[in-house]
Amino acid sequence: MSQQYKKIPMPLRYLINALLFAAFLFGGTALIKGGAVSNYYTKVLMLLGINIILTVSLNISTGYLGQLPLGHAGFMAVGAYASAIFMTRVGLDASVAFPIGLLLGGVVAGLFGIMIGIPALRLKGDYLAIITLGFGEIIRVVLLNIDSVLGFKLTYGAASLKSIPKTTTFFNTFLCVGIVCFLIHTMMKSRHGRAILSIRENEIAADACGIHVTYYKVLGFAASAFFAGVAGSLYAGYLGILNPSSFGFMKSIEILVMVVLGGMGSMVGSVLAATVLTAVPEMLRAFSEYRMIVYSLLLIMVMIFKPSGLMGMYDFSLSHILEKIINWKPGRKKSAGKAGEENG
Amino acid sequence: MDNLVPLPSLGMIPERDLGAIPILDIHHLGIDFGGLHAVDDFNLVIGRTEIAGLIGPNGAGKTTVFNLLTNVYTPTRGVILLDGMDIRGKSTHQLTKLGIARTFQNIRLFKDLSVEDNVKIGLHNAFTYSLFSALFRLPAYWTSERKAHETALELLSIFDMQNLADQPAGSLPYGAQRRLEIVRALATSPKLLLLDEPAAGMNPSETGELMENIRKIRNTFEIAIMLIEHDMNLVMGICEGIAVLNYGKIIAKGTPEQIKSDPVVIEAYLGRGKEASA
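Cut-offs and rules
Residues numbered from 1 in each chain as written. Chains lettered and ligands numbered in written order. Predicted model: local features only at pLDDT ≥ 70, side-chain atom pairs only at ≥ 80, totals over all residues. Helix = DSSP H or I, 4+ residues; strand = E, 2+ residues; numbered from the N terminus. Buried ≥ 20, exposed ≤ 12 C-beta atoms within 10 Å, placed from the backbone. Contact = placed C-beta atoms within 7 Å. Rg over C-alpha atoms; globule rule 2.2 N^0.38 Å. Pairing = 2+ DSSP bridges. Axes fitted to C-alpha atoms, helices over the stretch in contact; angles between N-to-C directions. Left-handed = near helix turned anticlockwise from the far one by under 90°. Nonpolar A, V, L, I, M, F, W, Y, C, P; charged D, E, K, R; others polar. pLDDT = per-residue confidence, 0-100. Domains from an automatic or database assignment. Parallel < 35°, antiparallel > 145°, perpendicular 65-115°, else oblique. Core = buried A, V, L, I, M, F, W, Y, C linked by C-beta atoms within 7 Å. Expected span 1.5 Å × (residues − 1).

1. Structural notes on the overall build of chain A
1) Next: Secondary structure summary: chain A contains 14 helices and zero strands in total.
2) Next: Each of the 344 residues in chain A was classed as buried or not, and the buried ones make up 46%.
3) Next: Expressed as a percentage of contacts within chain A between residues at least 6 apart in sequence, the contacts between residues at least 24 apart total 80%.

Printed below as a string of structure tokens:
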């Protein structure tokens, strides 16, 4: 950042950010416990948290890495099933099993990301879209049929995997949102993140700069899958019941729409778009017949008037988003006048 | 400038580089595209601190030679010795680590990233830390990033560009973009710098400045520089050894004076006298 930009020392920046986040977490939990937020809204908020994680995770491979994978729901499904099977099969207390399940869901999905990424990332553009679409569908179909083929009870296929402990709460969902956003931010603001961005910008030049293109492509893709797996685990604990049909092609498209609407490569945009696109369908429940029309119109409007997405590419593509927030929030609070001068 | 000294391998290097292993020693390099010998029987030696020029008419295969040296294309035939080491089968990013850096004829910057980040990407392998240190912001991250930041600004100051560090690279004027590409290449701490038409699109005064800077880079970093250029003032002004390429083959090698008066070169550029008058 430039010299005239007022800087808060690093540890303090993180501290302020962490405090704001903690205030939000505990405040929200207190409101829910006190009954100020209804059960329905709590559910919507949890779904929102899951959607935010899905969107920021897809944003890694779409916005930062510049690829177009269409199988994100597949990784979510892998994570969801991995953690659900772990939680239902292992007789641990839910409070212990849940965090392990979350991590396990992420790791298994990440491994699938590596497995699929190595062959798929040799391709580009439309071809990558088609092959990841195929992989996503394969995962869904396997989950649907694996039981009858192998002759034992694991995913329960179309009959749904039931009685998963409902461990997802507002608190742990948004704690995960915070951790995921922090990790993505720290990854992107490092030599690894710069390598990923350079591949999006110009693969040949990245190669000539000594960047192992294949490695960083797979790394970005695997990170994307890992966080999708975490979101899947949260989803399993949120619904308490898993059916392969909820991880179809349309789910992948839904997440992609959120990323595109928010602006590719913009984390703030992803969070914003996930919020809007989770809230709008819920708010429109009263006019259920016109719901999808309004939803589609909204998308068309944004694409006509702001084709680069809500937050655009602007400088958010540089993954400076969180640093900007860190730079801004204290600036506004402590010295609003000075902050104005600096930014003006 | 030192005199060029002929080597037994048909190459020539500046006198001062004689004692050391040449930075680049190419034997019978060639590549075919289908039936076309795009580059054929290419032999060249470049001294450790030499500024060498590769010239030739359009389509002669000059950029192809650069692409062969950086393994963007894999050679069909021949051996390339970089600092005495056979680099066949090495991929582009490995070659960068071994010390070959390049710029591109059509500028390939990371346009949406800042000027500083462009240079830092060049420094990717210079200041390393693990992904784990990055994710959890361990001390290794902070020290390496600080060093990378300082080094990036230092490198940018070669071209007096340190005040542009925060600008997106794509917003720079054309000449500055070309200079930034050179800085980014230098960031990989090369032993051999390949410049593909560094003066393209520059006006005479910018070209003059560039010549000074190329010499300055060679003197400060003590590296070899090989450049492709159509601007004969620049080539004749700074190159110690020049190779002329036509239809994928070297037709002449020598000092600027030898090249200027070589009838074969004049013919390649201007055509044969009789035909021209006919």
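2. A closer look at the overall build of chain B
1) Next: Each helix and strand in chain B was counted, giving eleven helices and twelve strands.
2) Next: A globule of 278 residues ought to have a C-alpha radius of gyration of about 19 Å, and chain B, at 20 Å, matches this closely.
3) Next: Along the first, second and third principal axes, the C-alpha set of chain B runs to 70 × 40 × 40 Å.
4) Next: Taking all 278 residues of chain B together, the buried fraction comes to 45%.
5) Next: When contacts within chain B are restricted to residue pairs at least 6 apart in sequence, long-range pairs at least 24 apart make up 67% of them.

3. Brief notes about the sheet that holds strand S11 (residues 241-246) of chain B
Residues and elements named next belong to chain B.
1) Next: Pairing in this open sheet of six strands is mixed, and the strands run S8-S9-S10-S5-S11-S12 from one edge to the other. What marks the edges here is a single partner per strand, and that holds for strand S8 (100-102) and strand S12 (249-254). This sheet shows a mean twist of 20° between the axes of neighbouring strands, independent of strand direction.
2) Next: The pairing of S8 with strand S9 (residues 192-196) spans three bridges and is parallel. Looking across to S9, one finds that Ala101 is bridged to Leu193.
3) Next: Helix H1 (residues 62-69) contacts strand S5 (51-55), S8, S9, strand S10 (224-228) and S11 of the sheet and is inclined by roughly 145° relative to S9.

4. Description of the packing of helix H3 (residues 72-89) of chain A against helix H5 (residues 125-150) of chain A
Residue and element names in this part refer to chain A.
1) Next: Running from amino to carboxyl end, H3 crosses H5 at an angle of 35°, the nearest separation of the two axes being 8 Å. The crossing of H3 and H5 is left-handed. Taking contact as the criterion, the partners of Ala73, Gly74, Ala77, Val78 and Tyr81 in H3 are, on H5, Phe135, Gly136, Ile139, Arg140 and Leu143.
2) Next: Here the residues of the contact of H3 with H5 are counted per class, giving seven nonpolar, two polar and one charged.

5. Brief notes about the interface of chain A and chain B
1) Next: Taken together, the 25 residues of chain A in the interface contact 27 residues of chain B.
2) Next: Tallying contributions element by element places helix H7 (residues 191-201) of chain A first for the side of chain A that touches chain B, with seven residues.
3) Next: Residue classes in the side of chain A that touches chain B are distributed as twelve nonpolar, nine polar and four charged.

6. Considering the confidence of the model for chain A
All names here are of chain A.
1) Next: On average, chain A scores 85 in pLDDT, and the residues at 70 or more come to 87%.
2) Next: Within the model, pLDDT remains below 50 along residues 314-321, and this stretch shows 23 contacts once partners closer than five positions in the same chain are excluded.
3) Next: Here residues 331-344 scores under 50 on pLDDT; set against residues more than four positions off or in separate chains, the count is seven contacts.

7. Quick word on the domain arrangement of chain B
All names here are of chain B.
1) Next: What the domain assignment lists for chain B is domain 1 (1-99 + 191-278) and domain 2 (106-189).
2) Next: Placing the centre of domain 1 and that of domain 2 at their C-alpha centroids yields a distance of 28 Å.
3) Next: With eleven residues of domain 1 at the contact, the number on the domain 2 side is ten residues.
4) Next: In terms of residue count, helix H7 (residues 204-221) provides more of the side of domain 1 that touches domain 2 than any other element does, four residues in total.
5) Next: Broken down by class, the residue content of the side of domain 1 that touches domain 2 amounts to six nonpolar, three polar and two charged.

8. A short note on the environment of Pro14 of chain B
1) Next: The residue Pro14 of chain B is located in strand S2 (residues 12-14) in this model.
2) Next: On a C-alpha basis, the gap between Pro14 of chain B and Glu240 of chain B in space is 7.3 Å, while along the polypeptide they are 226 residues apart.

9. Some remarks on the confidence of the model for chain B
Regions with low pLDDT carry predicted coordinates that are not meant to be interpreted in detail.
1) Next: Within chain B, residue pLDDT values average 90, and 95% of them lie at 70 or more.
2) Next: Here the complex is predicted with pTM 0.88, and the ipTM for its interfaces comes to 0.90.

10. Focus on the sheet that holds strand S4 (residues 36-46) of chain B
1) Next: Taken in spatial order, the four strands make up an open sheet running S4-S3-S6-S7 (chain B), and their pairing is antiparallel. Of all the strands in the sheet, the pair left with one neighbour each is S4 and strand S7 (85-86) of chain B.

11. Remarks on the pairing of S12 of chain B
All names here are of chain B.
1) Next: Bridging between S11 and S12 involves five bridges; their strand directions are antiparallel. When the sheet's bridge partners are listed, Leu245 is paired in S12 with Ile250.
2) Next: Following S11, the chain reverses through two residues before pairing antiparallel with S12; Tyr247 in that reversal takes a positive phi of roughly 50°.

12. A few points about the packing of H7 of chain A against helix H9 (residues 213-239) of chain A
Residues and elements named next belong to chain A.
1) Next: In contact at an axis separation of 9 Å, H7 and H9 are set at 105° when each is read in the N-to-C sense. Looking at the two axes, H7 sits roughly perpendicular to H9. Residues His192, Ala195, Ile196 and Ile199 of H7 touch H9, and the partners they reach there are Val213, Tyr216, Lys217, Leu219 and Gly220.
2) Next: Grouping the constituent residues of the contact of H7 with H9 by class yields six nonpolar, two polar and one charged.

13. Describing the nonpolar core
1) Next: Ranked by internal contacts, the top residues of the largest apolar core, which has 171 residues, are Ile53, Met76, Tyr81 and Ala231 of chain A together with Ile225 of chain B.
2) Next: If one sorts the elements of this core by residue count, H9 of chain A sits on top with 16 residues.
3) Next: Composition of this core by domain shows at least three residues from each of domain 1 (1-99 + 191-278) and domain 2 (106-189) of chain B.
4) Next: Setting aside its immediate chain neighbours within four residues, Met76 of chain A contacts Leu54, Ala228, Ala231, Gly232, Tyr235 and Phe247 of chain A.

14. Let's talk about the environment of Ile85 of chain A
1) Next: Structurally, Ile85 of chain A is set in helix H3.
2) Next: In the structure, Ile85 of chain A is positioned 79 residues away from Ile164 of chain A in sequence and 8.2 Å away in space, judged by C-alpha atoms.

15. A look at helix H10 (residues 249-262) of chain A
Residues and elements named next belong to chain A.
1) Next: Under the 1.5 Å per step criterion, the end-to-end length of H10 is 20 Å for 14 residues, consistent within 8% with the ideal 20 Å.
2) Next: Listing the buried residues of H10 in full gives Ser252, Ile255, Leu256, Met258, Val259, Val260, Leu261 and Gly262.
3) Next: Against helix H2 (39-64), H3, H5, helix H11 (267-283) and helix H12 (291-305) lie the buried residues of H10.

16. Remarks on the pairing of strand S6 (residues 77-82) of chain B
All names here are of chain B.
1) Next: When strand S3 (residues 24-33) meets S6, the two strands line up antiparallel, connected through five bridges. When the sheet's bridge partners are listed, Leu24 is paired in S6 with Leu82.
2) Next: Pairing of S6 with S7, which is carried by two bridges, proceeds in the antiparallel orientation. Counted as the bridge partner of Leu82 is Met85 from S7.
3) Next: Hairpin geometry of S6 and S7 is characterised by an intervening segment of two residues between the two adjacent antiparallel strands and by a positive phi of about 55° at Asp83.

17. Focus: unusual backbone geometry
Residues and elements named next belong to chain B.
1) Next: Even without glycine at this site, Asn71 takes up a positive phi of about 60°.
2) Next: Structurally, Asn71 is set in the loop between H1 and S6.
3) Next: The exposure class of Asn71 is buried, given the 20 C-beta atoms found within 10 Å.
4) Next: The backbone phi angle of Glu222 is positive, close to 50°, even though this residue is not glycine.

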